[in-house]
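The residues making up each chain are set out below.
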Amino acid sequence: MLRMTGVRLAESVSKHPLNLREASATLLPPLPLYRRILRAHRNLPCEMRSLGDDYVKAEFRRHKEVTNKVHIIGFLSQWKMYLDQLPPGPEAQSFRGKPLDPTVLEKMSAEQLGQLYGVMHVAKDVWRPVSPEQDGREPTPSDSSKS
């Protein structure tokens with residue numbers, strides 16, 4: 001029973017099971033990974049960068065005291081996969097994310113689904129168009145033609 005729980009915890013969200021030796025060989029240590037993610041965010045649109053930087057910082061802070069090696073490897077491997085999926089350089093300006101794989105959703109805990117739901121709402125608020133009244137300025141004729 002205990003072995004099965006360990007195996008399930010070590011599962012990767014990819015199609016292949018997580019091989020701890022291979023994963024640790026391709027993983028970056030936490031601090032260099034954190035820095036590379038924040039550097040990659042520099043190329044994203046301003047709103048995405050702000051949201052992404054805040055989320056990355058919060059997640060790394062939340063996992064700072066984790067001692068379970070399987071959780072650490074899973075955490076670092078998922079962030080490395082995220083980093084690898086970000087487009088490099090100026091082409092990141094047009095990046096709008098990608099759909100979440102349904103098998104990933106099935107493997108998420110209730111806490112993870114709650115976090116994802118929260119991120120979804122924050123992301124919607126970031127990308128919601130702001131009316132001139134909400135922005136604190138007088139509406140112009142060009143603003144009314146956009147509606």
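Residues numbered from 1 in each chain as written. Predicted model: local features only at pLDDT ≥ 70, side-chain atom pairs only at ≥ 80, totals over all residues. Heavy atoms only, no water.

This paragraph deals with the packing of helix α3 (residues 30–41) against helix α4 (residues 46–62). The N-to-C vectors of α3 and α4 enclose an angle of 170°; their axes lie 9 Å apart at closest approach. Our classification of the angle between α3 and α4 gives roughly antiparallel. On the side of α3, the interface is formed by P30, L33, Y34, I37, L38 and H41, while α4 contributes R49, G52, D53, V56, K57 and F60. Looking at the contact of α3 with α4 residue by residue, the classes come out as seven nonpolar, two polar and three charged. (Axes fitted to C-alpha atoms, helices over the stretch in contact; angles between N-to-C directions. Helix = DSSP H or I, 4+ residues; strand = E, 2+ residues; numbered from the N terminus. Parallel < 35°, antiparallel > 145°, perpendicular 65-115°, else oblique. Contact = heavy atoms within 4.5 Å. Nonpolar A, V, L, I, M, F, W, Y, C, P; charged D, E, K, R; others polar.)

This part covers the nonpolar core. The nonpolar side chains of a soluble globular protein tend to be buried with one another. The biggest cluster of nonpolar side chains holds 18 residues, and the ones touching the most others in it are L33, I37, L44, V56, F60, W79 and L83. Contributing elements (two or more residues each) for this core: α3, α4 and α5 (69–85). In contact with I37, other than residues within four places in its own chain, are V56, F60, W79, Y82 and L83. (Core = buried A, V, L, I, M, F, W, Y, C linked by side-chain atoms within 4.5 Å. Buried < 20%, exposed > 50% of the residue type's maximum accessible area, 1.4 Å probe, protein only.)

Here the protein averages 76 in pLDDT, while 68% of its residues score no lower than 70. Within the protein, the element-level pLDDT minimum falls on helix α1 (residues 2–10), averaging 50, and the maximum on α3, averaging 93. (pLDDT = per-residue confidence, 0-100.)

Counted under the stated rule, the structure contains six aromatic pairs. Geometrically, the ring pair formed by F60 and F75 is edge-to-face, given 5.0 Å between the ring centres and 70° between the ring planes. Of the two residues, F60 is situated in helix α4 and F75 in helix α5; the sequence distance between them amounts to 15 residues. The class for F60 is buried, based on a relative accessible area of 12%. Looking at F75, the relative accessible area reads 13%, which means it is buried. Look at W79 and Y82: their rings are 5.4 Å apart centre to centre, the planes differ by 85°, and that puts the pair in the edge-to-face class. On the criterion of helical spacing, the pair formed by W79 and Y82 is a turn pair, its members being three residues apart in helix α5. Y82 gets classed as partly exposed once you look at its relative accessible area, which sits at 26%. (Phe/Tyr/Trp six-rings, centres within 6.5 Å; stacked < 30°, edge-to-face > 60°.)

Right, let's get into the packing of α3 against α5. Where α3 contacts α5, the axes come no closer than 10 Å and their chain directions differ by 25°. When the interaxial angle is binned, α3 and α5 end up roughly parallel. Pair α3 / α5 crosses with left-handed handedness. Between α3, through P30, L33, R36, I37, A40 and H41, and α5, the contact on the second element is made entirely by L76, W79, K80, Y82 and L83. (Left-handed = near helix turned anticlockwise from the far one by under 90°.)

On the surface, R35, R36, R39 and R42 cluster together to form a positively charged patch. By the element assignment, R39 lies in helix α3. (Patch = residues over 30% accessible without salt bridge, like charges linked within 9 Å, V, L, I, M, F, W, Y side chains within 5 Å. Areas by Shrake-Rupley, 256 points an atom, 1.4 Å probe, with all protein chains shown as cover. Salt bridge = Lys/Arg side-chain N within 4 Å of Asp/Glu carboxyl O. Lys, Arg positive; Asp, Glu negative; His and termini not counted. Charge placed at Lys NZ, Arg CZ, Asp CG, Glu CD.)

What follows concerns α5. Taking 1.5 Å per residue as the helical rise, α5 with its 17 residues ought to reach 24 Å, and the 24 Å between its terminal C-alpha atoms agrees with that figure. Restricting attention to buried positions, one finds in α5 the residues I73, F75, L76, S77, W79, K80 and L83. The N-capping residue of α5, defined by a side-chain oxygen 2.9 Å from the backbone nitrogen of V70, is N68. (Expected span 1.5 Å × (residues − 1). Polar contact = N/O pair within 3.5 Å; in protein donor to acceptor, adjacent residues only side chain to side chain.)

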